[in-house]
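Residue strings, one per chain:
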Amino acid sequence: MPKSSVDEIRERFDQDVERFSNLEVGQTTTLDSPLMLELVAQAAAASNPAAAQLLDVGCGAGNFTLKLLQSLPNLDVTLVDLSQPMLQRACQRIGAVSTREIQIVQGDIRDLTFPTGQFDIILAAAVLHHLRGAEHWRAVFSKFHQALKPGGSLWIVDLVEQSTPAVQALMWARYGDYLTEFKGPAFREQVFGYIAKEDTPRPLIFQLDMLREAGFAQLEILHKNNLFAAFGAVKSNNV
């Protein structure tokens, strides 16, 4: 099956803003979404307590930035997303709780450039699974590493694959059970349909290897449940 184009993905998210606008439940199709939201915010704040500049890639309606601002309220924020309605909602919600600078950038992270060493923290939640070939992951992780200040940190929450096909099949079936229990078989098929059409997740181990290749000095796995993981990487102070 051919995968969705960037324009097709953008169009779907343009119509789905409300589902991504609840800070209490997060993204309901993601297992342990509120927990991972909390863990990433706490880990980012603990790793960079004096942070001044945040980049939120695939920001959606702004949940992860909002959660981080509860611990680090003095952040200037750069929001990146394919969807202009998502960016508008994120800017509205963040502007309601912050007086700091908010910059919005509509676009694909693969096509964007940032000044070297601009950000203290980068967040990338439920976005990297839209990357395709290994070369895209390599380029994006290198871009993140370059854009971070020395000692800066990157935090990711995402859909991941298992490395072993039999284990992947097991986890896929268990995820299907969760979706069915949550909203029924039709909802399960809806979610499975757009994952098959849009997404190309990679194993957690693959991504950790890519992060090391990009130059990150320290890696952290915060949480993994079934096909979802929260993890991070810290840039060396000596770079």
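The residue count restarts for each chain, going from 1 along the sequence in the order it is written. In keeping with the model being predicted, local features are shown solely for residues with a pLDDT of at least 70 and side-chain atom pairs are shown and tallied solely at 80 or more, while totals for entire chains, interfaces and linings include all residues. In computing side-chain properties, one takes all heavy atoms of the structure into account and sets aside hydrogens as well as water.

K.L.:
What is the right way to look at the pairing of strand β2 (residues 76–81) in this model?
P.N.:
Along any regular strand the residues' side chains alternate between the sheet's two faces. Only protein chains enter the accessibility calculation, which uses a 1.4 Å probe; a residue is then buried when its area is under 20% of its type maximum, exposed when over 50%, and partly exposed in between. Elements are defined by DSSP. Helices are runs of H or I of four residues or more, strands are runs of E of two residues or more, and each kind is numbered from the N terminus. Among the six residues of β2, six are classified as buried, and the element is accordingly described as predominantly covered. The alternating pattern of β2 places Asp76, Thr78 and Val80 and Val77, Leu79 and Asp81 on opposite faces, both of which are buried. As paired elements, strand β1 (residues 53–57) and β2 share five bridges and run parallel to each other. Within the sheet, the bridge partner assigned to Val57 lies in β2 and is Val80. By this definition, two strands are paired if DSSP reports at least two bridges between them. Inspection of the sheet shows β2 paired to strand β3 (residues 102–106) by five bridges, in the parallel sense. If you follow Leu79 over to β3, its bridge partner there is Ile104.

K.L.:
What is the right way to read the sheet that holds strand β6 (residues 218–225) from this model?
P.N.:
Strands in a sheet are paired, the pairing made by backbone hydrogen bonds, and the direction either parallel or antiparallel. The strand order across the open sheet formed by seven strands is β3-β2-β1-β4-β5-β7-β6, and the pairing between neighbours is mixed. For this open sheet the edge positions go to β3 and β6, each flanked by a neighbour on one side alone. The mean inter-strand angle of the sheet, taken between neighbouring strand axes irrespective of direction, is 15°. Here strand β4 (residues 119–125) runs beside strand β5 (residues 148–159); their pairing, made up of six bridges, is parallel. Paired with Ala124 across the bridge in β5 is Ile156. The contact criterion used throughout is that any non-hydrogen atoms of two residues lie within 4.5 Å. In this analysis an axis means a line fitted to C-alpha atoms, helices contributing only their contacting stretch, and an angle means the value between N-to-C directions, from 0 to 180 degrees. Lying on the sheet, helix α5 (residues 134–147) is in contact with β1, β4 and β5; it crosses β5 at an angle near 145°.

K.L.:
Would you mind going over the side chain of Asn63 with me for this structure?
P.N.:
Looking at the element boundaries, Asn63 is found in helix α3 (residues 63–69). A 3.5 Å cut-off defines polar contacts: any pair of N or O atoms within that distance qualifies, except that in protein one atom must be a possible hydrogen donor and the other a possible acceptor, and neighbouring residues in sequence count only when both atoms are side-chain atoms. A polar atom in the side chain of Asn63 sits 2.9 Å from the side chain of Arg93.

K.L.:
What is the right way to read the layout of surface pockets from this model?
P.N.:
In this approach the atoms are scanned with a rolling probe the size of a water molecule, which exposes any empty space left behind. A 1.4 Å probe that fits but cannot get out identifies a cavity on a 1 Å grid over protein atoms alone, an open set with protein on both sides within 12 Å along at least five of seven lines counts as a pocket, and a residue lines either if it has an atom within 4 Å of a point. Grid points are joined across faces, edges and corners, and a volume is the space filled by probe spheres set on the points. Taken as a whole, the largest pocket holds about 770 Å³ of empty space. Lining the largest pocket we find 50 residues, and of these Phe13, Ala125, Ala126, Val127 and His130 sit closest to its centre. Looking at the lining of the largest pocket, the element that brings in the most residues is helix α1 (residues 6–14), giving five residues. Split into classes, the residues belonging to the lining of the largest pocket amount to 24 nonpolar, 15 polar and 11 charged. Ten residues, namely Ala, Val, Leu, Ile, Met, Phe, Trp, Tyr, Cys and Pro, are considered nonpolar, four, namely Asp, Glu, Lys and Arg, are considered charged, and the remaining ones, Gly among them, are considered polar.

K.L.:
Looking at this model, I keep getting lost on the packing of aromatic side chains. Mind explaining?
P.N.:
Two rings from Phe, Tyr or Trp (for Trp, the six-membered ring) form a pair when their centres are within 6.5 Å of each other. A pair whose planes differ by under 30 degrees is stacked, one over 60 is edge-to-face, and the rest are tilted. For the structure shown, the criterion picks out 11 aromatic pairs. Look at Phe114 and Phe119: their rings are 5.7 Å apart centre to centre, the planes differ by 80°, and that puts the pair in the edge-to-face class. Exposure class is identical for Phe114 and Phe119. Each is buried. Ring geometry for Phe182 against Phe187: centres 5.9 Å apart, planes inclined by 70°, an arrangement best described as edge-to-face. Linked through ring pairs, Trp172, Tyr175, Tyr178, Phe182, Phe187, Phe192 and Phe228 together constitute an aromatic cluster. Definition used: whenever NZ (Lys) or CZ (Arg) falls within 6 Å of the ring centre and also within 35 degrees of the ring normal, the charge is taken to sit over that ring. Residue placement shows Lys183 over the ring face of Phe187; its charged tip is 5.2 Å from the ring centre.

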